[in-house]
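Structural description and commentary
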Amino acid sequence: MATTVPSPSPLPSRERVGVGGDFPAKAALGARPHSIAVELRRMLGADWRLGHLFILPMAVLVLALVAYPFCYAIYLSLTQKYVGVPPVFVGFENYVRLASDGFFQRAVANSLVFTIGSVVFKLFLGMVMALVLTSGIRFRSLFTGILLIPWVAPTVVSALNFLWIYDGSLGVLNYLLVKVLRILPQGVGWLSEPGTAMASVIFVNIWRGFPFFGISFLAGMKAVPAELYEAAAVDGASVVQRFRHVTLPGIRNIVIIVILLSTIWTFNDFAIVYILTKGGPGGATQVLPVFAYEMAFGAQRLGEAIAVALYMLPPLAFLIIVLARYMRKGRAR
Amino acid sequence: MTKTTVGRLQLGFSYGILGVLLLMVLFPFYWMTITSLKSEDQMRSLVSMFWPSPVVFENYDQLLRKTDFTSWFANSAIVAVSSTLLATAVGTIGAYALARLRFRGRAFMSSATLITYLVPPSILFIPLYAQIRTLGLSDSLAGLIAAYPSFTVPFVTWLLMGYFESIPVELEESAMIDGATRFGAFRRIILPLAAPGVLAAALYAFTQAWNEFLYALVFITDVRQRTLPVGLSSFITGDVYGWGYLMAGAVLTTVPVIVVYIYLQKYMVEGLTAGSVKG
């Protein structure tokens, strides 16, 4: 039957390529020109022509926009490079210098606080959002849509909104707390005081990011079979027990994927911190992406700036590999 | 009897929490909108905080006439539309190949796509900047159009791979038994079926490109070549805050995204879950 297939074959089939043992041999008995095509198909796959043609533009883009810059980054991080001047190779000097740089160490610590603080609260609020939306309220899809708005609105707009809300003299937050609720005797410079700046910045990240957690958990909860809940209810399980023993195991994979995704995104969030504080006051909210930016375009020290960015790579690479495995596993099912 | 009371209490509690979440989510947008309609005097005097009195349009007038806002809007539109078209075309055929076709290198490319999607811009922005400069594309929209596919293409591809996989293989196979080529089957059978998914992916890519900040901040220095996010953030200069027209700009920057979103809400919610985090 294989010999009746003209090449390039319109009939795709993994079985046919896979079992290949006797079929190229049979084809070779037939017309000779076919044997090369058949051999190619055996080596490169049944749809290799269209497949490679279709993948080519993407491969070019990935090479030019990610793989090449990435390798170039590794090279530049080993050089002393200023804008407009050719790089000078210095080995690991940038990395060594950064390791003992107090500003860098502070940025690492801030990044950890920012990421962990944000992700924990996003997880909590996202879970609350998903539970509220599955609790039998009316107009569920409308409310879901509204709650997702911070996630789709431009980050810069949201950051600017909060910059205005937090404003020390004319901001509405101080107005509410001082004049309306009378909780505080006087206004707070939310972003200009070291004690409140980090929490204020984290809040904006939470505000923007929790809907993504919520919507993902919601989708996961909808996929948990209703019979499981019914069975649990028949067995007399309380709401809390049902959540712990039915809901949570059912959405476990989604929870892991969302936490990992959000950790990567939060760790690399640039816009919120840059717009709200630019890392200030006095470095209190300086996180690694903003630190790298300032070093590259403020101090014009590109080599060192890339070394900052590449210091983020090992933990990120670890997260990315674990996450990629989970996401592919999710796909396979 | 007690059971329904408990249920009612729980539902009431849910509505209460929902109210808090809605307030938290919507307040910044409400505040942005009313600020854009307030006069400067009113803002400074802290009167009638929660409603503009009188409602004025001077902020919009000033924004559109005295700033480069309209150029930025046009720049954002050009960059977002071009890079979206590019990303959608490349991503659609790439996703089809990865989801359906059998060829050597397929497994490697699927992994590469996913990993590329996850590699954050904060690692790539400096080398990309150096590259864009070498190519002479800094300070031009072309540089951004060239750079944005680095995040839109992997995203579109990953999302559409899931979509293509959900279309039954039998449809193509029967078309090919009827004499269609692989490409013919893709074009006539699969593409029309996947159209809603492709549209959703495209619009999602559009919002990502529209909202992008870091590359636009780094690659562009010429004021008139800025995109909206960078342009808006440049209104914060020192202590002179033009909050009125800044918020007017924020409103006008948000509107296109929200329009796209309302139209797409169903797909986006499904796409987010089916595409990116199917667990």
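Treat the numbers as computed from the prediction; the structure is a model and nothing was measured.

Concerning the overall build of chain B
For chain B, the count of helices and strands is 13 helices and 0 strands. Tracing chain B from N to C terminus, the helices and strands come up as α-α-α-α-α-α-α-α-α-α-α-α-α. Taken over the C-alpha trace, chain B has a radius of gyration of 24 Å; the compact-globule value for 279 residues is 19 Å, which it surpasses by more than 25%. Along the longest, intermediate and shortest principal axes, the C-alpha atoms of chain B span 75 × 75 × 30 Å. At a minimum sequence separation of 6, the contacts of chain B that also span at least 24 residues come to 75%.

Some points on the overall build of chain A
Of regular secondary structure, chain A possesses 18 helices and 2 strands. Classification of the 333 residues of chain A by burial places 41% in the buried group. Within chain A, contacts between residues separated by at least 24 positions form 67% of all contacts whose residues are at least 6 apart in sequence.

Some details on the interface of chain A and chain B
Facing 88 residues of chain A, the contacting portion of chain B comprises 79 residues. By residue number, the principal contributor to the side of chain A that touches chain B is helix α4 (residues 48-77) of chain A, which donates 18 residues. Per-class residue counts for the side of chain A that touches chain B are 69 nonpolar, 15 polar and 4 charged.

A few points about the confidence of the model for chain B
Per-residue confidence for chain B gives a mean pLDDT of 87, with 93% of residues at or over 70. Predicted confidence is poor over residues 274-279 of chain B, with pLDDT under 50, and the contacts of this stretch with residues over four places away or in other chains come to 20 contacts.

A few points about the nonpolar core
The tendency in soluble globular proteins is for nonpolar side chains to be buried side by side. A:Ala159, A:Leu160, A:Leu276, A:Ala292, A:Val308 and B:Ile126 are the most contacted members of the largest nonpolar core, which totals 172 residues. If we skip the residues at most four places from it in the chain, A:Ala292 touches A:Ala305, A:Val308, A:Ala309, B:Ser122 and B:Ile126.

Quick notes on unusual backbone geometry
Backbone torsion omega between A:Gly280 and A:Pro281 reads -10 degrees, so that peptide bond is classified as cis. The step from B:Ser53 to B:Pro54 runs through a cis peptide bond, and the omega angle for that step is 0 degrees. Relative to the helices and strands, B:Pro54 is located in the loop between α2 (40-45) and α3 (58-66). Phi at A:Phe139 is positive, roughly 50 degrees, even though this residue is not glycine.

Considerations on the environment of A:Val108
In this fold, A:Val108 is placed in helix α6 (residues 102-133). Each C-alpha atom of the pair A:Val108 and A:Tyr68 lies 27 Å from the other, and the pair is 40 residues apart in sequence.

Some points on the packing of α4(A) against helix α6 (residues 121-134) of chain B
To describe two helices that pack against each other, one gives the angle between their axes and the distance between the axes. For the pair α4(A) and α6(B), interaxial distance at closest approach is 8 Å and the crossing angle is 100 degrees. One finds that α4(A) runs roughly perpendicular with respect to α6(B). Packed against α4(A), whose contacting residues are A:Val66, A:Pro69, A:Phe70, A:Tyr72, A:Ala73 and A:Leu76, the element α6(B) presents B:Leu124, B:Ile126, B:Pro127, B:Leu128, B:Ala130 and B:Gln131 at the interface. Considered class by class, the residues forming the contact of α4(A) with α6(B) number 11 nonpolar, 1 polar and no charged.

Side note on the environment of B:Asp139
Residue and element names in this part refer to chain B. Relative to the helices and strands, aspartate 139 is located in the loop between α6 and α7 (141-147). Along the primary structure aspartate 139 and alanine 216 are separated by 77 residues, whereas in three dimensions their C-alpha atoms are 9.3 Å apart. Discounting chain neighbours no more than four positions away, the residues touching aspartate 139 are Ile220, Thr221, Asp222 and Gln225.

Quick look at the environment of A:Ser77
For A:Ser77, the position within the fold is in helix α4. Each residue touching A:Ser77, except ones within four places of it in the same chain, is listed here: A:Asn94, A:Gly303, A:Ile306, A:Ala307 and A:Leu310.

Considering the packing of helix α4 (residues 69-100) of chain B against helix α10 (residues 182-211) of chain B
Residue and element names in this part refer to chain B. Close contact between α4 and α10 brings their axes to 9 Å; oriented N to C, the two are set at 140 degrees. Here α10 runs oblique to α4, going by the angle between their axes. At the point where α4 passes α10, the crossing takes the right-handed sense. When α4 is examined against α10, the residues Ser76, Val79, Ala80, Ser83, Thr84, Ala87, Thr88, Gly91, Thr92 and Tyr96 are found in contact with a partner set consisting of Phe186, Ile190, Val198, Ala201, Ala202, Ala205, Phe206, Ala209 and Trp210.

Cut-offs used in this document
- Residues numbered from 1 in each chain as written.
- Chains lettered and ligands numbered in written order.
- Predicted model: local features only at pLDDT ≥ 70, side-chain atom pairs only at ≥ 80, totals over all residues.
- Helix = DSSP H or I, 4+ residues; strand = E, 2+ residues; numbered from the N terminus.
- Rg over C-alpha atoms; globule rule 2.2 N^0.38 Å.
- Contact = placed C-beta atoms within 7 Å.
- Buried ≥ 20, exposed ≤ 12 C-beta atoms within 10 Å, placed from the backbone.
- Nonpolar A, V, L, I, M, F, W, Y, C, P; charged D, E, K, R; others polar.
- pLDDT = per-residue confidence, 0-100.
- Core = buried A, V, L, I, M, F, W, Y, C linked by C-beta atoms within 7 Å.
- Axes fitted to C-alpha atoms, helices over the stretch in contact; angles between N-to-C directions.
- Parallel < 35°, antiparallel > 145°, perpendicular 65-115°, else oblique.
- Left-handed = near helix turned anticlockwise from the far one by under 90°.

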